[in-house]
Amino acid sequence: MSFQNKTIYQIYPRSFRDSTGSGVGDLHGIIEKVPYIASLGVDMVWFNPFFVSPQRDNGYDIADYRAVNPAFGTMKDFEELVAALDIHGIGVMLDMVLNHTSTQHEWFQRALAGERDYQDFYYLRPGGPNGELPNNWISKFGGPAWASFTAASAAIGITENNARTNGFALNPAGPDAGDPELYYLHLFDITQADLNWHNPRVRQEMADIVEFWKGKGVKGFRFDVINLIGKPEDLLSAPEGTDDRAMYTDGTLVEPFLRELAAASFGQDPEIVTVGEMSSTSIDKCIVYTKPENKALSMAFNFHHLKVDYADGKKWTRMPFDFAALKGVLTEWCVGMQAGGGWNALFWNNHDQPRANNRFGDVVNYPVETATMLATTIHLLRGTPYVYMGEEIGMTDPDYTSLADYQDVEAINAFHELVESGLSGDEAFAVVHSKARDNSRTPMQWDSTSTAGFTSGTPWLRPTNQAAINVAAEEAGGRILPHYRKLIALRKAHPIIAEGAFVPYELAHPDVFAYHRTHEGQQLLVLNNFYGKQTEIEIPPEFVGGTVLISNYDDAAAPADTTVTLQPYQSLAVLS
Ligand code: TEU
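As the structure is a computational prediction, the values presented were derived from the model and not from experiment.

Colleague: For this particular structure, what's the right way to read the site of the ligand?
Modeller: The environment of the ligand is made up of 18 residues, and the closest members are Asp-57, Lys-315, Asp-352, Glu-410 and Arg-437. Separating an oxygen atom of the ligand from a side-chain N or O atom of Arg-222 is a distance of 3.1 Å. Asp-352 is positioned such that a nitrogen or oxygen atom in its side chain is 2.5 Å from an oxygen atom of the ligand. Protein chains bury 92% of the 490 Å² of accessible surface belonging to the ligand in isolation.

The structure is reproduced here in structure tokens:
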């Protein structure tokens, strides 16, 4: 395995650097910043989708998998970017959204126009005689997971087509006129139609897309919600009172579909790194997806540790994080994946999550300690760490004051649903403020100017705290950026970090997330204080007088005693 000592940097192209003044980031802007990216010491960069897309879900609604959205640049820019990163030995990881396409994709448009072959690319199902939807599944962005194909077809002027002769009833006058209405499945936005992976042509197209980008020198692939591709063909309703996600998540077909995709594309090159984004998944499934002998993926993202501040498991709520649950989940995944021979992708932040600093630390009193402690915690676990742009300079959520500041379709839908459910406007806003995906999508803060050095125009999302948090200030004497650079370098220098076994330690401690790593007779003890007060922890005697591998407090000394006092949000990693 060649990905254990790598660190992967994530760039949200819309928000990294705008070279044209459009207010939206672009590929050329990223090329300008290649020296900065290289200075981090990362091995690979994952780019969120920049393909042709109507941008209803910021590029996760793809209309053409093989073309660059003109707002982001050209194919030539992309080739230049690959080459510019390659000079520094940095690989490119692309985001493959293979569970669904935009309804603007040619396949969906041809389906709407009545081409039976393309109707079979999607999940089309008739509704019931009384206007019932095909099943009771809910869209992840709110509302039912079904939308009227009949109406969408009629909207482009198709009132009769061969859908009828192929067993689908398409009646422009709607369900009341006799024929049942036809629906298409969309687990996300209404413009993101789920692809029918049961159709071998769909699977072939997906492999061809991966091959196309492989041909452009791409060395990594991140597969969006890939554990949703194996839906059972009957698409049954969830039994009353049960979670509908269980009906379509981690289906038995996910593994064979992934193996087939691997064999037909990325699996042919052992240097290629892949990561599956797994929605609501389990350790057992992720072992199956990532065990090397199964020849599917290199590693998997799961989100269980980022649900420890969800009241009743629901995202659109507010709750202080549950520290015991956070440690418990991270530990369980490290231990479980290790035991089963699987591999974790490690992360706190991405483009779908509010900033971890706001969730798990104190950004007012201990912003530096919070950021560096969280980084240490995740980088020394067993797995491959991902750094989301801006994390390395301690970026936090923007302080927006109005709903108009938010752009994400999910946040806006959620606000209205919360108000409908009885919350006041202020209460609903407070939830959106803490949970919106826009929190992490604000522009990368390069300097303290009004547009944060991101654009010469008006940024598509407004930065609010660039005066205090920016790359220039960090380079000039900040403590977060050097800490990240050090963590990334340590992983390469010390095999115990990349390859060592993970062993839990003092899991019941109320303030500290501690763990051990062991490798070829060496031992590493990692202590992380998750609170803004001093705390004590007992350590095994072999670490007394050990070597400090890294700490986020400058003068941290090796333990002189088996009782260690940790400062607020202190991390201390000691080699014995
Ligand atoms: O997100 C997958 C996913 O499961 C989301 O529901 C995620 O949990 C949600 O955004 C958090 O509220 C992926 C992409 O990362 C996301 O940006 C896309 O919107 C989504 O798939 C659809 O492609």
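Colleague: Where do I start with the confidence of the model for the chain in this structure?
Modeller: When pLDDT is low, close inspection of the predicted coordinates is not appropriate. Looking at the chain, the pLDDT average stands at 95 and 96% of residues meet or exceed 70. Within the model, pLDDT remains below 50 along residues 161–166, and this stretch shows 17 contacts once partners closer than five positions in the same chain are excluded. Per-residue pLDDT stays below 50 along residues 169–176; that stretch engages in 17 contacts with residues further than four places along the chain or on separate chains.

Colleague: How should I be thinking about the pattern of salt bridges in this particular structure?
Modeller: Two side chains with opposite charge may pair up if their charged atoms get near one another. Across all of its chains, the model carries 29 salt bridges by this definition. Here Arg-110 ties to Glu-115 by a salt bridge, and the two come within 2.9 Å at their closest N and O atoms. You can call Glu-115 partly exposed: its relative accessible area is 31%. Linking Asp-405 and Arg-462 is a salt bridge whose minimum nitrogen-to-oxygen distance equals 3.1 Å. Here Asp-405, found in the loop between strand S15 (384–388) and helix H14 (409–420), pairs with Arg-462, found in the loop between helix H16 (438–441) and helix H17 (471–475); they are 57 residues apart in sequence, far enough to count as distant.

Colleague: How do you make sense of the packing of helix H7 (residues 200–214) against helix H9 (residues 254–264) when you look at a structure like this?
Modeller: To characterise two packed helices, one gives the angle between the axes of the helices and the distance between these axes. Where H7 meets H9, the axes come as close as 9 Å, and the angle between the chain directions of the two elements is 45°. With respect to each other, H7 and H9 are oriented oblique. Crossing angle aside, the handedness with which H7 passes H9 is right-handed. On H9, the residues that touch Arg-203, Met-206, Ala-207, Val-210 and Glu-211 of H7 are Phe-257, Glu-260, Leu-261 and Ala-264. Of the residues that constitute the contact of H7 with H9, the class distribution is six nonpolar, no polar and three charged.

Reading guide: rules and limits
Residues numbered from 1 in each chain as written. Predicted model: local features only at pLDDT ≥ 70, side-chain atom pairs only at ≥ 80, totals over all residues. Heavy atoms only, no water. Near = heavy atom within 4 Å. Polar contact = N/O pair within 3.5 Å; in protein donor to acceptor, adjacent residues only side chain to side chain. Areas by Shrake-Rupley, 256 points an atom, 1.4 Å probe, with all protein chains shown as cover. pLDDT = per-residue confidence, 0-100. Contact = heavy atoms within 4.5 Å. Salt bridge = Lys/Arg side-chain N within 4 Å of Asp/Glu carboxyl O. Buried < 20%, exposed > 50% of the residue type's maximum accessible area, 1.4 Å probe, protein only. Helix = DSSP H or I, 4+ residues; strand = E, 2+ residues; numbered from the N terminus. Axes fitted to C-alpha atoms, helices over the stretch in contact; angles between N-to-C directions. Parallel < 35°, antiparallel > 145°, perpendicular 65-115°, else oblique. Left-handed = near helix turned anticlockwise from the far one by under 90°. Nonpolar A, V, L, I, M, F, W, Y, C, P; charged D, E, K, R; others polar.

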